[in-house]
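# Fold and contact review
The chain contents come next:
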Amino acid sequence: MEVIIAKDRTELAEIAAGIIRAQILAKPNCVLGLATGSTPEETYARLVRYHKEEGLSFAKVTTFNLDEYIGLPPSHEQSYYYFMHDRLFNHVDINEENVHVPMGMAPDPDAFCKWYEEQIEKAGGIDLQLLGIGGDGHIAFNEPGSSLASRTRVKTLTEQTIKDNAELFFGKGKEDEVPKFAITMGVGTILEARRLLLIAFGKRKAKIVKQLIEGPVTSMVTASALQLHPDAIVVIDEEAAAELELKDYYKWVYKQKNAEYQKTLDRLAGR
Ligand code: F6R
């Protein structure tokens, strides 16, 4: 696992958007896995800027979102479908046919989940999967206790997640309006992506980030499954990194890697 500690959330978004941009430039018809929530908002804003200012094109990109609330139609302002269009898809040249967000109103959610898995496979699998982490350690909506081999399915949200999401999406104290169920990619589905990129910032995430990076691999913190992936990058800010035992080492590794990269660039430029 590569751990990158950014000085603040602005630098974090710059690094995360840079990794996604590099993926699109290297493979214009790549398949991106995307997340919602407050964490990736600034990253998406930067991708929109790269599109508008540098012509970064999403025309051949295919996307699969991690999750969606059951019972919310795409037009609902709190749906993840709405969020993705509002923050990213409406502002870039993506082909709507290549956009996939689980369908919260699917008449048969179980059949839908099977279909979603098939679509990911048909697209050739996910090249780069963007992830956030919940206060209880979930990735997508894989709440504590989810099997690390789980596939896309319907999941019941924990009271903690409902509370967190009420604040973020529905307004404080509006827990009753948050759906209790969601369709979510499984941990096993996520681990099949060729590359994982998890981002997190703020004091609120420091404890769980420690468990994700330095704790045991356990279904009680489904994000810890990233330790099993051969190409996982975790980008966090100083506040979220506060409890890491090997914090200085991660910084040292990143510095060495950048110095090496700079040397290669200099060599190529004949400096
Ligand atoms: C959203 C998702 C969730 C969030 C997590 C963190 O698609 O999959 O796992 O990434 O709940 O949410 P924020 O970023 O709002 O702290």
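The coordinates are above.
Figured I'd write up the structure that's included with this text. Keep in mind that what you see is a predicted model, and the values were worked out from it rather than measured.

### Some words on the overall build of the protein chain
Summing up its helical and strand segments, the protein chain has 8 helices and 10 strands in all. Taken against the 2.2 N^0.38 rule, which gives 18 Å for 271 residues, the C-alpha radius of gyration of the protein chain at 18 Å falls within 12% of a compact globule. Dimensions of the protein chain, computed from the C-alpha atoms along their principal axes, are close to 60 × 40 × 35 Å. Relative to its full complement of 271 residues, the protein chain shows a buried share of 51%. Looking at the protein chain alone, contacts between residues at least 24 apart form 79% of all its contacts between residues at least 6 apart.

### A look at the packing of aromatic side chains
Each pair of aromatic rings is reported with the distance of its centres and the angle of its planes. Within the structure shown, the criterion is met by 7 aromatic pairs. Between Phe112 and Trp115, the aromatic rings sit 5.6 Å apart at their centres with planes inclined by 40 degrees, giving tilted as the arrangement. Of this pair, Phe112 and Trp115 both sit in helix α4 (residues 109–122), 3 residues apart, which is roughly one turn of that helix. On the basis of relative accessibility, which here comes to 9%, the residue Phe112 falls in the buried class. The side chain of Arg21 reaches across the aromatic face of Tyr50, ending 4.0 Å from its centre.

### Brief notes about the site of the ligand
With respect to spatial proximity, 15 residues lie near the ligand, and among them Thr39, Asp67, His138, Ala140 and Lys205 are the closest. A distance of 2.7 Å separates an oxygen atom of the ligand from a polar atom in the side chain of His138. Within the backbone of Ala140, a nitrogen or oxygen atom sits 2.7 Å from an oxygen atom of the ligand. Compared with its free state, where it exposes 410 Å², the ligand has 95% of that area covered by protein. Residue composition of the shell around the ligand, grouped by class: 5 nonpolar, 7 polar and 3 charged.

### Let's talk about the environment of Ile15
With respect to the helices and strands, Ile15 occurs in helix α1 (residues 9–26). The spacing of Ile15 and Ala149 is 134 residues in sequence and 30 Å in space, taken between C-alpha atoms. What Ile15 contacts, discounting residues up to four positions off in sequence, is Ile4, Ala6, Val235 and Tyr254.

### Focus on α4
Here α4 is 14 residues long and its end C-alpha atoms lie 20 Å apart, about the 20 Å a rise of 1.5 Å per residue gives. Within the span of α4, buried status applies to Phe112, Cys113, Tyr116, Glu117, Gln119 and Ile120. Down the axis, α4 shows its buried residues gathered within 160 degrees of arc, on one side only. With respect to the buried face of α4, the exposed residues turned more than 90 degrees away are Asp110, Lys114, Glu121 and Lys122. Those residues of α4 that are buried are in contact with β3 (62–65), β5 (99–100), β7 (153–156), β8 (181–184) and α6 (187–191).

### With respect to the environment of Ala123
Along the polypeptide, Ala123 turns up in the loop between α4 and β6 (128–131). Residues Ala123 and Ala259, spaced 136 residues apart in sequence, show a C-alpha to C-alpha distance of 37 Å.

Here is what the cut-offs are and how they apply
Residues numbered from 1 in each chain as written. Predicted model: local features only at pLDDT ≥ 70, side-chain atom pairs only at ≥ 80, totals over all residues. Heavy atoms only, no water. Helix = DSSP H or I, 4+ residues; strand = E, 2+ residues; numbered from the N terminus. Rg over C-alpha atoms; globule rule 2.2 N^0.38 Å. Buried < 20%, exposed > 50% of the residue type's maximum accessible area, 1.4 Å probe, protein only. Contact = heavy atoms within 4.5 Å. Phe/Tyr/Trp six-rings, centres within 6.5 Å; stacked < 30°, edge-to-face > 60°. Lys NZ or Arg CZ within 6 Å of the ring centre and 35° of its normal. Near = heavy atom within 4 Å. Polar contact = N/O pair within 3.5 Å; in protein donor to acceptor, adjacent residues only side chain to side chain. Areas by Shrake-Rupley, 256 points an atom, 1.4 Å probe, with all protein chains shown as cover. Nonpolar A, V, L, I, M, F, W, Y, C, P; charged D, E, K, R; others polar. Expected span 1.5 Å × (residues − 1). Arc of directions from axis to C-beta.

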